[in-house]
Every structure is written in structure tokens, then in C-alpha cells.
Amino acid sequence: MNFPQSLIDGYQTFRKEQYEPLAKRYATFAEGQNPDTLVIACADSRVDPTTIFTAGPGEIFVMRNVAALVPPYQPDGGLHGASAGLEFAVTALNVSNIVVMGHGLCGGVNACLSKTEGSSAGEFIDPWVELAAPARAAVNRELPDGNPEQRQRLGEYRTIQVSLDNIRTFPFVANRLEKGDLSLFGVWYSVYEGDLRLLDPDTGDFNLLDA
Ligand SMILES: [Zn+2]
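Only a predicted model underlies this, so the values are computations on that prediction, with no experimental measurement involved.

### Some remarks on the pattern of salt bridges
(1) Moving on: Under the criterion given, the structure shown has six salt bridges.
(2) Moving on: One salt bridge in this structure joins R158 and E142, with 3.0 Å as the shortest N-O distance. Highlighted residues: R158 in helix α8 (residues 148–167) and E142 in helix α7 (residues 133–142), separated in sequence by 16 residues.

This is the structure we're talking about:
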């Protein structure tokens, strides 16, 4: 069993082209991290927040999972990875911004939208993407006769809003929002066109950002 050569090559390029020119900056990382923004994104390999935002190491705190989902606040002793990451970013790092980043062609959103009686995307995927059930309900309500592409896009938009709604249920988030110490944003990235759209919380529209 060999460690993948593509990873070895990539590491060697990183070491030479990125680490060495910035070695002094990397040395400051021993003192800790101080990112100002938490980005919650999908694990999809085509949607890398540090690439899309041209962020260097130490600049944004990134949490990725299937469909960029965050569950609601649920202090039940369960294993809540997304909630733990959110808690750390907000209470320990004191980030000022939280950005939920959804994307086009999201398989996780599709799994939730296309869920039918007896179908399964996977033992762990099914209950996880079911967190986006309110987004599925919104699509069925707003676009009952939409074509699959329109329904998928709206599902991606509404899933971002579901995560934002759930994030607001965490007391440490609500507390900071009330004090004006934290801002929440939703963005959608289009995978092959490279477009980024920003959620207008008043209208629910996702408006194209200037490129
Ligand atoms: Zn995705």
C-alpha cells in the first residue's frame, strides 16, 4: 500500500512554493490562530473555500461536511461534529462572521430532495441530509412543477437558509447576534461557472457578486 504519489507531489510543491517563502509567517502559528470568519461548506471536492476566497493559512476557519449542514442546537450528549466546530469557532476563536456556503450540483441536497419511501443514499447520509427536510418542503411549495434543475437550485438555496436558521438556535450564537458581535451570511457557488451568489436575507434571493 503506497501513499498516493499525487499527494507526495503536491506536498513537495507546497513546501517549496508556499511554505518556504512564508516560513516566518508560519512560525507565528505556534502562538495560535486568529481567523475572523468561519466558513461552513460542503465536502464536495470542487468547492474549496480557501481556493474560492484566496485565503492563506490562518485566515479562515473552515468546516466541511455533506451539504454544508448544521443541525439545530441539541444538547443531548450525542456526537455533534458540526455543532462542536461551530462552538469552537464562536466561543473560542470569537469569529465575527459565519458564512454558510452551498453549491451547484450538490449531491447531498439532491439526496434529500429525491428521497422517496424505501430509497436510501446511505446509512449515515440519510438521517444527515434529512436535516434539509425544510428545504425540500420549501421546494415542493415554491416550485411544485419546476424542472429538476430549477428544483435542485432552489433546494441548494433553501438548504443554506436551513443551516443559517439552525445556527441561530445555538445560545452562544443568539447571544452574540443580539449584541451585534456576529454576522451570518449565506453564499452559493456555481462549481463550473465560478459564480458566487450572496443571500439577501430580506428577500431570500441569491444575488450575483461582482467578479
Ligand atoms: Zn455538496
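### Topic: the environment of A67
(1) Moving on: Tracing the backbone through its elements, the reader meets A67 in the loop between β2 (60–65) and α4 (81–92).
(2) Moving on: Distance from A67 to T28, taken between C-alpha atoms, is 33 Å for residues 39 residues apart in sequence.
(3) Moving on: Those residues in contact with A67 that sit more than four places away from it in its chain are C42, C106, G108, V109 and T159.

### Notes on the coordination of the zinc ion
(1) Moving on: Around the zinc ion, the protein supplies C42 (SG), H103 (NE2) and C106 (SG) as donor atoms, at distances of 2.0 to 2.3 Å.
(2) Moving on: Counting along the primary sequence, the residues that act as donors to the zinc ion give the motif C-x60-H-x2-C. One end of the pair, C42, is in strand β1 (residues 37–42); the other, H103, is in strand β3 (residues 97–103), and 61 residues separate them in sequence. For the pair C42 and H103, one class covers both residues: buried.

Basis of the calculations
Residues numbered from 1 in each chain as written. Predicted model: local features only at pLDDT ≥ 70, side-chain atom pairs only at ≥ 80, totals over all residues. Heavy atoms only, no water. Salt bridge = Lys/Arg side-chain N within 4 Å of Asp/Glu carboxyl O. Helix = DSSP H or I, 4+ residues; strand = E, 2+ residues; numbered from the N terminus. Contact = heavy atoms within 4.5 Å. Donors = N, O, S within 2.8 Å, 3.2 Å for Na, K, Ca; no water. Buried < 20%, exposed > 50% of the residue type's maximum accessible area, 1.4 Å probe, protein only.

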